[in-house]
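Breakdown of the fold
The primary structure of each chain is shown beneath.
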Amino acid sequence: MSLSDEERRSLEELERDLAATDPDLAFELKSGRPRGAIARTVSGALAVLIGFVLVIAGIVTQLVILGVAGFLLASAGAYWLLAGTSLRRRIERRDEDPAP
């Protein structure tokens, strides 16, 4: 069902008003992804990788403190990586997908 001309004009007017009053929110709504989500994903992935490297370095050098620090960093990175996706959103998306 398509929008009528009046509905389309009022929607465009609302979009212009939103862009004028809150450009950050308008950008996030157009992109479909919050601005901080990309940075959180990249930093989380890097922390996981560096943490694994530290764990391996701790095993090779037999320094327990280095292995523990690597494990903690990898765990924190995994949390940062997954913190942006809520379980409820993932379940709702799975329920909306049609079964093959």
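Because the structure is predicted, anything quoted here is derived from the model rather than measured.

**Side note on the overall build of the protein chain**
Across its full length, the protein chain holds five helices and zero strands. Ordering the α and β elements of the protein chain from the N terminus gives α-α-α-α-α. Taking all 100 residues of the protein chain together, 11% fall into the buried category. Counted over contacts in the protein chain with a minimum sequence separation of 6, partners at least 24 positions apart contribute 37%. In the structure as shown, the protein chain presents an accessible area of about 8400 Å², 65% of it carried by carbon and sulfur atoms.

**Some details on the pattern of salt bridges**
A full pass over the atoms with the stated rule returns one salt bridge. The salt bridge involving Asp5 is made with Arg8; its shortest N-O contact spans 3.6 Å. One end of the pair, Asp5, and the other, Arg8, are both in helix 1 (residues 5-21), three residues apart, so they sit about a helical turn from each other.

**Brief notes about unusual backbone geometry**
The general pattern is negative phi for most residues beyond glycine and trans for most peptide bonds. Phi is positive for Gln62, close to 60°, though the residue is something other than glycine. Within the secondary structure, Gln62 sits in the loop between helix 3 (35-61) and helix 4 (64-83).

**With respect to the environment of Leu18**
With respect to the helices, strands and loops of the structure, Leu18 is situated in helix 1. Taking relative accessible area as the criterion, Leu18 reaches 27% and is therefore assigned partly exposed. Residues contacting Leu18, with those up to four places away along its chain left out, are Pro23, Leu25, Ala26 and Leu29.

**What to know about the environment of Ala45**
Positionally, Ala45 belongs in helix 3. When the C-alpha positions of Ala45 and Leu82 are compared, they lie 9.8 Å apart, and in sequence the two are 37 residues distant.

**Examining a nonpolar patch on the surface**
A cluster of nonpolar side chains, Ile38, Val42, Leu46, Leu49 and Ile50, forms an exposed patch at the surface whose accessible area comes to about 470 Å². Inspection of the secondary structure puts Ile38 in helix 3. By relative accessible area, which is 51% here, Ile38 ends up exposed.

**A few points about the confidence of the model for the protein chain**
In the predicted model, the protein chain carries a mean pLDDT of 80, and the fraction of residues at 70 or more is 75%. Here helix 5 (residues 87-96) stands out as the element of the protein chain with the lowest mean pLDDT, 55, in contrast to helix 4, whose mean of 92 is the highest.

**A word on helix 4**
Counted at 1.5 Å a residue, the expected span for helix 4 with its 20 residues is 28 Å, and the 28 Å between its end C-alpha atoms agrees. Taken residue by residue, helix 4 has Gly67, Gly70, Ala74 and Gly77 as its buried positions. All buried residues of helix 4 lie within an arc of 90° about the axis, which places them on one face of the element. Pointing more than 90 degrees away from the buried face of helix 4 are the exposed residues Val64, Ile65, Leu72 and Tyr79.

What counts, and where the lines are drawn
- Residues numbered from 1 in each chain as written.
- Predicted model: local features only at pLDDT ≥ 70, side-chain atom pairs only at ≥ 80, totals over all residues.
- Heavy atoms only, no water.
- Helix = DSSP H or I, 4+ residues; strand = E, 2+ residues; numbered from the N terminus.
- Buried < 20%, exposed > 50% of the residue type's maximum accessible area, 1.4 Å probe, protein only.
- Contact = heavy atoms within 4.5 Å.
- Areas by Shrake-Rupley, 256 points an atom, 1.4 Å probe, with all protein chains shown as cover.
- Salt bridge = Lys/Arg side-chain N within 4 Å of Asp/Glu carboxyl O.
- Patch = residues over 30% accessible without salt bridge, like charges linked within 9 Å, V, L, I, M, F, W, Y side chains within 5 Å.
- pLDDT = per-residue confidence, 0-100.
- Expected span 1.5 Å × (residues − 1).
- Arc of directions from axis to C-beta.

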